[in-house]
Amino acid sequence: QQQVKQSPQSLIVQKGGISIINCAYENTAFDYFPWYQQFPGKGPALLIAIRPDVSEKKEGRFTISFNKSAKQFSLHIMDSQPGDSATYFCAAREDMRFGAGTRLTVKP
Amino acid sequence: DSGVTQTPKHLITATGQRVTLRCSPRSGDLSVYWYQQSLDQGLQFLIQYYNGEERAKGNILERFSAQQFPDLHSELNLSSLELGDSALYFCASSAGTSGVQETQYFGPGTRLLVL
């Protein structure tokens, strides 16, 4: 039962471009929205997270935009680099629901 | 390196068998989480333990069980294994002191293959 829907499933971006990954959730009780980055053969690692009382959070090239009324949040990777190539998971905490993941490939 | 260790790295077994996966959390972390990652199901939360007690339960099958020991390491037991149980199993840990808004640190995973 997927309560966090993530799109797209895969994404190819040119170096220097903007990568955008979207997530939608159903349960309004969710109160913490982290994004994880996973490289092949490794466990997921926290990238950036947001609480629903703010609409945007930026850390370096990574930005989360949060739309509480639409129950959607997205990850923007500015100036995407080949080293950003990984699988990205959004999550909605309270009961640790993860999105299905987006495989990002940044072409040089 | 997240500080979370998992053993074994790889496990190959047959249907019907039972296996035990082990996780050592980061030093000082009280909470341990178990996740299953398969190609068609994404990352599925199985169960959480906090300081030895079960705290939250996700999509864990009845054939699976877990426990957290006094030294805070945790074991995930998988029994009557089926082909569909083949997956990556991750353990994560967090400090466990402030509720849900905590960073979880993931281990490198155990890759289970059921033949």
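Heads up: the structure comes first, above all this text.
All of the points below concern the structure found in this document. (Residues numbered from 1 in each chain as written. Chains lettered and ligands numbered in written order. Predicted model: local features only at pLDDT ≥ 70, side-chain atom pairs only at ≥ 80, totals over all residues. Heavy atoms only, no water.)

**Here we look at the environment of tyrosine 50 of chain B**
All names here are of chain B.
Inference 1: Following the sequence through the fold, tyrosine 50 ends up in strand β5 (residues 42-50).
Inference 2: Classification of tyrosine 50 as partly exposed rests on a relative accessible area of 23%.
Inference 3: When near neighbours in sequence (up to four residues on either side) are disregarded, tyrosine 50 contacts Leu30, Ser31, Arg55, Gln68 and Gly96. (Helix = DSSP H or I, 4+ residues; strand = E, 2+ residues; numbered from the N terminus. Buried < 20%, exposed > 50% of the residue type's maximum accessible area, 1.4 Å probe, protein only. Contact = heavy atoms within 4.5 Å.)

**Digging into the packing of aromatic side chains**
The geometry of an aromatic ring pair is captured by two quantities: the separation of the ring centres and the angle between the planes.
Residue and element names in this part refer to chain A.
Inference 1: Tallied over the entire structure, the rule returns 16 aromatic pairs over all chains.
Inference 2: A centroid spacing of 4.8 Å and a plane angle of 45° characterise the contact between phenylalanine 33 and phenylalanine 66, whose relative ring orientation is tilted. Here the residue phenylalanine 33 occupies a position in strand β4 (residues 33-38), and phenylalanine 66 occupies one in strand β7 (residues 62-67), the gap between them amounting to 33 residues.
Inference 3: Overall, the relative accessible area of 7% leaves phenylalanine 66 in the buried class. (Phe/Tyr/Trp six-rings, centres within 6.5 Å; stacked < 30°, edge-to-face > 60°.)

**Side note on the interface of chain B and chain A**
Inference 1: Of the residues lining the interface, 17 residues belong to chain B; the matching set on chain A comes to 18 residues.
Inference 2: Across the interface of chain B and chain A, roughly 1500 Å² is buried in total on both sides, 54% from carbon and sulfur atoms.
Inference 3: Linking chain B with chain A are zero salt bridges, by the criterion used here.
Inference 4: On the surface where chain B and chain A come into contact, there are one residue pair in polar contact (both at pLDDT 80 or more).
Inference 5: Taken together, the elements giving at least two residues each to the side of chain B that touches chain A come down to β4 (31-38) and β5 of chain B.
Inference 6: No other element matches the four residues that β5 of chain B contributes to the side of chain B that touches chain A.
Inference 7: When grouped by side-chain class, the residues that make up the side of chain B that touches chain A number eight nonpolar, eight polar and one charged. (Buried area = accessible area lost by both parts, 1.4 Å probe. Salt bridge = Lys/Arg side-chain N within 4 Å of Asp/Glu carboxyl O. Polar contact = N/O pair within 3.5 Å; in protein donor to acceptor, adjacent residues only side chain to side chain. Nonpolar A, V, L, I, M, F, W, Y, C, P; charged D, E, K, R; others polar.)

**Overview of the sheet that holds strand β3 (residues 19-24) of chain B**
Residue and element names in this part refer to chain B.
Inference 1: One open sheet holds the four strands; their spatial order is β1-β3-β8-β7, and the pairing between them is antiparallel. Every interior strand has two partners, whereas the edge strands, β1 (5-7) and β7 (64-68), have only one. Averaged over neighbouring strand pairs, the angle between their axes works out to 15° when direction is ignored.
Inference 2: Alignment of β1 against β3, held across three bridges, turns out to be antiparallel. Bridge pairing in β3 links glutamine 6 to cysteine 23. (Pairing = 2+ DSSP bridges. Axes fitted to C-alpha atoms, helices over the stretch in contact; angles between N-to-C directions.)

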